[in-house]
Amino acid sequence: LKFMASEGWTEEKMKQLLADSEYGTGMLYYHVFRTFDVMIVTPKESPEKLRFGSIQRIVSVMKSGVPVLVEVQGPAFEKFVDGYEYSCVYSKAGDKYPTLKEALENMKDVSAREKCQEEGLRIAEDFDPEVVLKQLLNTLGYDGEYEC
């Protein structure tokens, strides 16, 4: 609340938003994310998470429209960024991908942030609940009409 108070948020406004069945927590995250110029998403560093890690955190921030800088560590995040040819990445090693320092320097350029934003929103479309549901139904053999 202290952080969001500078943006005009009150405890009552937050409670109302959280209680709203249509928007709720997701909308609160959206508003928090939108206060930043760039968000950095790092993987959780357990061996299981690095291998099979969820990309949900990346997609959630991308969906907000904030440029996302992704740390590429482990096969899950690497497969995700390479598969989507996402260019807003860094790694601690700095070999295949730029270092954090290089990536942050690049983020000073407005056009680089816009590119990250555009790429992120394009990727997030693939994870829209309607798209995911349609893919699941197709996988299960359903070939009828959809109405979501």
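For clarity, every value in this text was computed on a predicted model and none was experimentally measured.

S.K.: Help me out: how do you make sense of the sheet that holds strand 3 (residues 89-90) in this one?
M.R.: Either a parallel or an antiparallel arrangement is found when strands of a sheet pair, and the pairing is made through backbone hydrogen bonds. Read across the open sheet, the three strands follow the order 1-2-3; overall the sheet is parallel. One side of each edge strand has no neighbouring strand; the edge strands of this open sheet are strand 1 (39-41) and strand 3. Where strand 1 lies against strand 2 (residues 68-71), three bridges are found, and the strand directions are parallel. Across the sheet, the residue bridging to Ile40 is Leu69, located in strand 2.

S.K.: It is not clear to me how the side chain of Ser64 should be interpreted in this structure. Could you clarify?
M.R.: Here Ser64 shows up in helix 5 (residues 56-64). Look at Ser64 and you get buried, because its relative accessible area is 5%. A polar contact is formed between the side chain of Ser64 and the backbone nitrogen of Val66, at a distance of 3.4 Å.

Reading guide: rules and limits
Position numbers for residues count from 1 along each chain, tracking the sequence in the order it is written. With pLDDT at 70 or above as the cut-off, local features in this predicted model cover only qualifying residues; side-chain atom pairs require 80 or more to be listed or tallied, and sums for whole chains, interfaces and linings still use all residues. With hydrogens and water excluded, all non-hydrogen atoms of the structure serve as input to the side-chain values. Between any two strands, at least two bridges found by DSSP are needed for them to pair. Helix and strand labels come from DSSP, where a helix needs a run of H or I of at least four residues and a strand needs a run of E of at least two; each type is numbered from the N terminus. Using a 1.4 Å probe on the protein chains alone, a residue whose accessible area is under 20% of its type maximum counts as buried, one over 50% counts as exposed, and one in between counts as partly exposed. Counting of polar contacts relies on pairs of N or O atoms within 3.5 Å, with two restrictions inside protein: one atom must be capable of donating a hydrogen and the other of accepting it, and residues adjacent in sequence are counted only when both atoms are side-chain atoms.

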